[in-house]
Amino acid sequence: MKLYDYWRSSAAYRVRIALNLKGVSYDTVSIDLRTGAQSATDYKSINPQGLVPAVESDGKVITQSTAIMEWLEETRPQPPLMPADPAGRAAVRAMMAVVACDIHPLNNLRVLNSLKAEFGATQAQIDAWIARWITAGFDTLEALIDQHGEGFAFGEGPTLADCCLIPQVYNARRFNVDLAPWPRIMAVDAACARLDEFAAAHPSRQPGAE
Ligand SMILES: N[C@@H](CCC(=O)N[C@@H](CS)C(=O)NCC(=O)O)C(=O)O
């Protein structure tokens, strides 16, 4: 399996965690977002959207991190990263969506570049924008973890909710967002950091990391 990856991409980081938890070995193809490699013709022939991650397996390409993780769960059910019951699965998907639909897309590189280039936003305004959407999403996740978490975001073991949450916590730290208001998220982050599968997926341990 090939993962089209970038060390600091939080969407790719989600997939790295899920691959590690499933025990799937893979080769990394690094797409350097700093040089615009994601928009090059050769990469766009893999992912027409020009975003990482993408996965190539048995001649098929799969894009979008949540689709990749759900595909992994369906094709490699052990260990399960989704609860057994439909209501539990819906709760995990809701947490995934808070990160992948309601926080991350607003803070993505192309959005930040557009705020700067088209609307003249200063770095201070960009930082406030990033913190605003992380705060809204983390307030929600804190309440959801209170309802569903028992050590991890949902239940007593890692699920796809943690695969989405932990990279978003990394992004919050990267942009100097104070995490003190969300003690439950912090506790989940600490629990996940103790697992090798999460530690090995950390951006600092990827090829090309600064
Ligand atoms: N919804 C997509 C988001 C992918 C995404 O936005 N990837 C970012 C890195 S985290 C990217 O490739 N950005 C390049 C750009 O904005 O030009 C997913 O979950 O896979």
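Scroll up to find the structure this text is about.
Parameters at a glance
Residues numbered from 1 in each chain as written. Predicted model: local features only at pLDDT ≥ 70, side-chain atom pairs only at ≥ 80, totals over all residues. Heavy atoms only, no water. Pairing = 2+ DSSP bridges. Helix = DSSP H or I, 4+ residues; strand = E, 2+ residues; numbered from the N terminus. Axes fitted to C-alpha atoms, helices over the stretch in contact; angles between N-to-C directions. Contact = heavy atoms within 4.5 Å. Right-handed = clockwise from strand over helix to strand, strands pointing away. Parallel < 35°, antiparallel > 145°, perpendicular 65-115°, else oblique. Left-handed = near helix turned anticlockwise from the far one by under 90°. Nonpolar A, V, L, I, M, F, W, Y, C, P; charged D, E, K, R; others polar.

Attention now moves to the pairing of strand S4 (residues 60-63). Bridge count between strand S3 (residues 54-57) and S4: four bridges; the pairing is antiparallel. Among the inter-strand pairings, Val-55 is bridged to a residue of S4, identified as Ile-62. In sequence, S3 turns back onto S4 through a hairpin of two residues, with Asp-58 there showing a positive phi of about 50°.

What follows covers the sheet that holds S4. Across the sheet, four strands lie side by side as S2-S1-S3-S4; this open sheet has mixed pairing. If you trace the sheet from one side to the other, it starts and ends with strand S2 (27-30) and S4, each paired once. If you compare each strand with its neighbour and ignore which way they point, the axes differ by 25° on average. Helix H1 (residues 10-22) rests against strand S1 (2-5) and S3 of the sheet, and its axis sits at about 150° to S1. The strands touched by helix H3 (residues 65-75) within the sheet are S3 and S4, with S4 carrying the most contacts at an inclination of about 120°.

A few words now on the pairing of S1. Where S1 lies against S2, four bridges are found, and the strand directions are parallel. Looking at the pairing, Leu-3 lines up with Thr-28 of S2. After leaving S1, the chain enters H1 and then returns to the sheet as S2, a path that is right-handed. Inspection of the sheet shows S1 paired to S3 by three bridges, in the antiparallel sense. Looking at the pairing, Lys-2 lines up with Glu-56 of S3.

To continue, consider the packing of helix H4 (residues 86-103) against helix H7 (residues 160-174). Look at H4 against H7: their axes get within 8 Å of each other, and the N-to-C directions meet at 30°. Classified by the angle between their axes, H4 and H7 sit roughly parallel to one another. In the crossing of H4 with H7, the sense of the turn from one axis to the other is left-handed. Residues Val-92, Met-95, Met-96, Val-99 and Ile-103 of H4 touch H7, and the partners they reach there are Leu-160, Ala-161, Cys-164, Leu-165 and Gln-168. Within the contact of H4 with H7, the residues separate by chemical class into nine nonpolar, one polar and no charged.

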